[in-house]
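Residues per chain, in single letters:
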Amino acid sequence: MNCEDVRELSSDYLDRRLAPPQASLFEGHLGACPACREELESLRATISLIGSLDPVETTAGFMGRLQGRIKRKAAIKHLWGWFFEPIIIKVPLEVTGLLLVSVLAFLVYNKTGESPGKSVIAPRDGRETAGHKTPHETPKGRDGKEASARTRALQAGKAESDELARPRSPESFTEAKEEPASDSPVTEKIVTADIALFRQRLEALLAQVGGKLVSQEGSPASEILLTVALPQSRQGEFLSALRETVVAESGVAPLKQTEARRAKREIRESEEQITSDKVGETKAGAAAPQALLRKDEPMVRFQLRILPKP
Amino acid sequence: MASSQDPDKELIQRIQGGDRLAFDQMVLKYRNRVMGIATRMLVDRGEAEDLAQDVFVKVYRGLPEFQGESLFSTWLFRITANSCLNRRRRRRSGPPVSDGAGDPELAASDPSSEPHHLLEQKELKIVLEKSIQSLPEEQRIVLMLRDMEGLSYEEIAESLGLELGTVRSRLHRARLQIQARIREKFPVDSRRSERL
């Protein structure tokens with residue numbers, strides 16, 4: 001054993017961890033080497049010095065603080081055990097309960113929390129639609145509640161509400177033809193001595209009841225087929241007056257001034273429209289005149305076959 | 001149940017039986033030694049005391065399951081060493097060189113009023129403390145467990161999860177380094193085996 005070996009094994013020797021044969025060799029070398037003996041003693045002193053270091057004292061109140069900490073830990077552990085132990089039973093139950101509460105809260109929130117700012121497009125007010133709104137204009141209800149009320153009324157399936165809500169084109173009367181309450185035309189056959197004159201009287205009568213002349217087919221010289229439209233509520237009145245006209249060949253009852261002027265204007269407009277139409281056009285293809293449509297009444301159509309008196 | 005050769009056997013049995021006074025006695029017996037290891041590992045005394053309290057809380061909670069496979073003191077210092085190493089890892093701080101600030105008694109002494117040999121002892125103590133704190137933490141903890149607390153190589157290996165050979169080499173290198181530092185500061189005579 002050399003000095004290097006002795007230096008390497010000095011800690012083991014001092015801690016009595018060398019096997020006896022190795023320890024003998026170690027001690028043999030020490031006996032012959034003063035330097036290694038001195039080195040060993042120095043290391044022994046160092047170890048002794050380290051072992052003599054004083055413990056470090058704790059500060060005052062250490063015990064009190066420790067006891068407080070232990071109590072807090074015990075309380076937390078007790079709470080933890082109360083909530084979560086046994087884990088296999090309590091945790092699934094608590095998770096399920098939490099999920100149920102979350103779902104209920106979500107459902108309650110959705111049911112009661114209608115956003116006040118949500119805009120509801122109310123169906124069109126029937127009074128405003130007849131001939132005075134473009135198809136693209138969609139008036140809104142005053143607030144969501146009124147719109148909802150209208151929506152509910154519409155959804156109740158009332159025919160009148162459906163008709164009011166339907167957009168109307170002022171240029172096309174074909175939609176009116178599709179209105180179920182007044183779709184099937186009534187054909188009246190009229191024999192008159194003067195077809196042209198009767199036609200004029202008819203237009204005046206139509207203006208009086210708020211109707212209009214939709215189309216004309218044929219020639220005054222032979223036979224003409226007139227299609228007229230008028231409010232359903234004035235249907236009886238119109239037919240009575242028409243028959244009286246036919247029978248009596250009398251004039252038309254006087255109208256109010258404003259209505260008369262409007263009626264004359266619309267008759268003129270309708271005449272212009274009709275004269276520009278080609279003979280033989282189908283009813284569906286005919287352009288409807290710009291006639292005044294009653295705002296909120298369903299319209300009925302009549303076809304009048306006017307024949308010359310033989 | 002504590003080992004039959006364990007000097008703390010009776011104390012531990014009383015604690016396990018619910019005797020809070022026995023627990024307090026145990027704390028009083030070991031608190032300064034635990035504090036010594038903690039201070040030399042963490043340097044900051046406030047943090048060391050906080051760690052010491054953590055150690056005893058762990059002991060309190062773990063005592064019901066203590067089976068006595070080792071001495072109680074071994075078990076206690078194992079908890080202390082691992083707590084110190086974990087705390088240092090979290091802190092990621094190296095061992096700062098202390099100028100004696102960790103020991104207010106040393107810093108406050110007046111050199112001119114003390115006998116020469118006492119002053120020399122104090123200086124030696126300061127050099128020793130500094131040398132220990134300058135060691136890498138893995139050598140420092142092994143050195144303290146062996147040379148300050150008297151744990152065996154096997155106990156240290158088990159406590160720290162090391163091989164015996166690793167314990168042996170770390171301990172030997174630590175001792176040699178301390179020896180070298182002391183010789184450097186006190187070159188004339190390094191045989192200072194007097195108790196400080």
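Rules behind the numbers
Residues numbered from 1 in each chain as written. Chains lettered and ligands numbered in written order. Predicted model: local features only at pLDDT ≥ 70, side-chain atom pairs only at ≥ 80, totals over all residues. Heavy atoms only, no water. Helix = DSSP H or I, 4+ residues; strand = E, 2+ residues; numbered from the N terminus. Buried < 20%, exposed > 50% of the residue type's maximum accessible area, 1.4 Å probe, protein only. Contact = heavy atoms within 4.5 Å. Areas by Shrake-Rupley, 256 points an atom, 1.4 Å probe, with all protein chains shown as cover. Salt bridge = Lys/Arg side-chain N within 4 Å of Asp/Glu carboxyl O. Phe/Tyr/Trp six-rings, centres within 6.5 Å; stacked < 30°, edge-to-face > 60°. pLDDT = per-residue confidence, 0-100.

Digging into the overall build of chain B
Of regular secondary structure, chain B possesses nine helices and zero strands. Here chain B, with 196 residues, has 49% of them falling under the buried criterion. Taking the contacts inside chain B whose residues are at least 6 apart along the sequence as the reference set, 66% of them involve residues at least 24 apart. Accessible surface for chain B amounts to roughly 9300 Å². Of this, 49% is attributable to carbon and sulfur atoms.

A closer look at the pattern of salt bridges
Within the structure shown, the criterion is met by 26 salt bridges over all chains. Between Asp54 of chain B and Arg69 of chain A there is a salt bridge, with the nearest N and O atoms lying 2.4 Å from each other. Linking Asp54 of chain B in helix 3 (residues 45-62) with Arg69 of chain A in helix 4 (residues 62-84), this pair reaches from one chain into another. Relative accessible area serves as the criterion here: at 16%, Arg69 of chain A is assigned to the buried category. Each of Arg69 of chain A together with Glu47, Asp50, Asp54 and Arg87 of chain B takes part in salt bridges that share partners, so that together they form one network.

Points about the packing of aromatic side chains
All names here are of chain B. As enumerated under the stated definition, the model contains nine aromatic pairs over all chains in all. With centroids separated by 5.0 Å and ring planes inclined at 75°, the aromatic side chains of Phe23 and Tyr60 adopt a geometry described as edge-to-face. Here Tyr60 lies in helix 3 and Phe23 lies in helix 2 (residues 20-42), a separation of 37 residues in the sequence. Looking at Tyr60, the relative accessible area reads 29%, which means it is partly exposed.

Focus: the confidence of the model for chain B
Residues and elements named next belong to chain B. Summarising the model, chain B shows a mean pLDDT of 84, and 82% of its residues fall at 70 or more. The model gives residues 97-108 a pLDDT under 50, and that stretch makes 12 contacts with residues more than four places away or in other chains. Predicted confidence for residues 190-196 stays below pLDDT 50, and this span has 22 contacts to residues more than four positions away or in other chains. Here the complex is predicted with pTM 0.53, and the ipTM for its interfaces comes to 0.82.

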